[in-house]
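A closer look at the structure
Spelled out, the chains give:
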Amino acid sequence: NNTGGFMLQTMLYLANQRPNESTFHELYNLPPGMSPADINDIKCYGVYGCFPITPPWTVKTRPVSLYPESPSKIDPHFPVFNKNTRDLPKFIDINDPDQIKSVGIDPKGNIYFVVHGYLESGDRPWIQSMVNALLDEDLYGTASVIVVDWGGGSSPPYTQAVANIRLVGAIAAHIIHLIHEELNLPNLDKVHMIGHSLGSHLSGYAGFTLQRDFNLTLGRITGMDPAEPLFSHVDPIVHLDRTDAKYVDIIHSDARPFTSGGLGMSQVVGHLDFFPNGGFDNPGCNEDMSTYIEQERGSFFWGVQQFVSCNHIRSHQFFLESISPKCPFVAISCESYESFKAGNCFKCDRDGHKCFQFGFHSYKSYRRAIESGSIRESSSIKAYLITDAQKPYCRTHYKVKIKISNSEESVMHGGEIGMMSIIIRSHHNTETEKMPFTAEPTYYEPGHKYVSVLPGNDVGIPKYAIVNWEYKTNPLNPLTWRLIASPRVYIEYIIVESLEHKSNLRLCPMFNSPVVADTPNIFRHDYC
């Protein structure tokens, strides 16, 4: 059909273009036969209100010119999942308030709303995985998960989907109000909306509508990489904002500007904004298209979507894992990702740096920081962490400082260039994978110190380290040739700190021996 064809064209266009200013305009163009709406007109949909497109909805940075389609056209669905209805959910009937009491929502439990984004619908596998994870995490068996399925309005053109989430957000707000009234909830503190991409902003509209129309405030909204096109440099009412709930946490995973290939916002809009891997260029997002098609069981369409938006969808993959993580999954506040990687922010509760549980459990650590007075509720916090390239994404952070010896022997030998890697072993004899100290060969000069933050398996408190050094020779540069002696570098000591386990260990080589290329070298504290 025309919609499916236009959707596929959109995906293929993005897959084959290096995003630039023309791509920016191409995404916003209307398909043939579709005319811009009259800005002086107004569209109202009964109890859900009116939706003008006058400023701030249409401004220079937001050249959108469409009204939401009708509720019957979008036809949103709200399936309700609980411990007894994981496979056969009951659906909320917007027009039957009394029916709310029979869909299986326990008023004593947490109520989650999961909201998909552009080009998707409520039956995507990641949504079912999140539904199950949320129900599994509930110890009392009282939680309910409601999926906001607005797939009837999420198809291209993108500008129409952007317009449609305003109406679906209002409908979601009325459903939440209905739940509040029919189930006699004291407040909405246990209601948590979790939205991806456009679903993040949809959740924000629901929160805004609840406050404006019903004097109710959502407990929490999690924005998983809120969509950037048409939502940057605009009035806060237009995008998800920290005022839309009592607690708003954001995961930025594709935060480059759209003209540089990013699909998510870089702007800090929550109480706590997480930037895993700096907020873009996530490990594992550089595979070729065929790999993603294979991961999607041969589906060309979904494989192309994965290829185009690997970084964008990492946000919900990270959040899903954070519900029941296999390691501490900690982030720390810092001025920038570069500063974090350089080891300048590595002690919790020191120099203004705070540690937070990443993702689903972040509110507990955020609340503790507020109650202790170490952060103000008005503060907007940026927190950083590093993930792995594949599941499990959670990693422990190790700050490693290497001091190259300034001894006479080291100085006489001179500096060397190569790749250093480290394996950390714990008191339980578990060990990390081999962790590269730098991404590129580095020159190690006598008397100098080198620092890097490395992600690795969680092994507990470090006991000793195995250092490997790979010498890099250049056949065109005689200064790098080592014809007689084995290439070596003289390390005086290394210091290993664990962010998660708050440990600090100084390690030295036996008898101050040099680290010889391609030979494992053990560093222990009792060698110092």
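Structure: see above.
Residues numbered from 1 in each chain as written. Predicted model: local features only at pLDDT ≥ 70, side-chain atom pairs only at ≥ 80, totals over all residues. Heavy atoms only, no water.

**So, the overall build of the protein chain**
For clarity, the cut-off: In this text, helices come from DSSP runs of H or I with a minimum length of four residues, and strands from runs of E with a minimum of two, each type numbered from the N-terminal end. Exposure classes here rest on a 1.4 Å probe applied to the protein chains alone. A residue is buried below 20% of its type maximum, exposed above 50%, and partly exposed in between. In this description, contact between two residues means that some pair of their heavy atoms is separated by no more than 4.5 Å. Surface accessibility in these figures is a Shrake-Rupley result with a 1.4 Å probe; residues are shielded only by whichever protein chains are displayed.
Per the secondary structure count, the protein chain includes eleven helices and 22 strands. Taking all 528 residues of the protein chain together, the buried fraction comes to 55%. Pairs at least 24 residues apart make up 73% of the contacts formed inside the protein chain by residues separated by at least 6 positions. Summing over all exposed atoms, the protein chain offers an accessible surface of approximately 23300 Å²; the carbon and sulfur share of this is 51%.

**Re the side chain of Thr58**
To keep it simple, the criterion reads: Counting of polar contacts relies on pairs of N or O atoms within 3.5 Å, with two restrictions inside protein: one atom must be capable of donating a hydrogen and the other of accepting it, and residues adjacent in sequence are counted only when both atoms are side-chain atoms.
The residue Thr58 is located in the loop between helix 2 (21–28) and helix 3 (71–74) in this model. At 2.6 Å, the side chain of Thr58 forms a polar contact with the backbone oxygen of Ile53.

**So, the packing of aromatic side chains**
The relative placement of two aromatic rings is captured by the distance of their centres and the angle of their planes. Definition in use: Centre distance within 6.5 Å is the pairing criterion for rings of Phe, Tyr and Trp, where only the six-membered ring of Trp is used; planes under 30 degrees apart are then read as stacked, over 60 as edge-to-face, and the remainder as tilted. Note on criteria: charge over ring means Lys NZ or Arg CZ within 6 Å of the ring centre, with the direction from the centre no more than 35 degrees off the ring normal.
A full pass over the atoms with the stated rule returns 16 aromatic pairs. Taking the centre distance of 5.1 Å and the plane angle of 80° together, the rings of Phe318 and Tyr393 count as edge-to-face. Here Phe318 is found in helix 8 (residues 300–323), whereas its partner Tyr393 is found in the loop between strand 11 (381–385) and strand 12 (396–404), with 75 residues between them in sequence. Of the two residues examined, Phe318 and Tyr393, each falls in the buried class. Geometrically, the ring pair formed by Phe319 and Phe360 is edge-to-face, given 6.1 Å between the ring centres and 75° between the ring planes. Placement of the pair is Phe319 in helix 8 and Phe360 in the loop between strand 10 (355–357) and helix 10 (362–371), with a sequence separation of 41 residues. Grouping residues by exposure puts Phe319 and Phe360 together as buried. Cluster of aromatic residues (ring-pair linked, three or more members): Phe275, Tyr337, Phe340 and Tyr384. If you follow Arg62 out to its NZ or CZ, it ends over the ring of Phe231, 5.2 Å from the centre.

**Quick notes on the nonpolar core**
Rules: Remark: nonpolar core denotes a set of buried residues (Ala, Val, Leu, Ile, Met, Phe, Trp, Tyr, Cys) joined through side-chain atoms within 4.5 Å.
Phe113, Trp150, Ile179, Leu198 and Phe231 are the most contacted members of the largest nonpolar core, which has 58 residues in total. At 14 residues, helix 5 (residues 158–182) tops the list of elements feeding residues into this core. The residues touching Phe231, leaving out its near neighbours within four places in the chain, are Arg62, Tyr158, Val162, Ile165, Leu198, His201, Tyr205, Val238, His239 and Met265. Of all hydrophobic cores here, the second largest spans 37 residues; its members include Ile127, Met130, Ile323 and Ala383.

**Quick look at the state of the cysteines**
Let me state the cut-off plainly: In this description, a disulfide is simply a cysteine sulfur pair whose atoms lie within 2.5 Å.
On inspection of all chains with the given rule, the structure shows six disulfides. A sulfur-sulfur distance of 1.9 Å marks the disulfide that ties Cys334 to Cys345. One quick way to see it: the torsion about the S-S bond of Cys334 and Cys345 is about 55°, and its sign makes the bridge right-handed. With a gap of eleven residues between them, Cys334 in the loop between strand 9 (330–333) and helix 9 (337–341) and Cys345 in the loop between helix 9 and strand 10 connect regions that are remote in the sequence. Judged by relative accessible area, Cys345 falls into the buried class, the value being 0%. Taken in sequence order, the bonded cysteines of the protein chain link in the pattern 1-2, 3-4, 5-10, 6-7, 8-9, 11-12.

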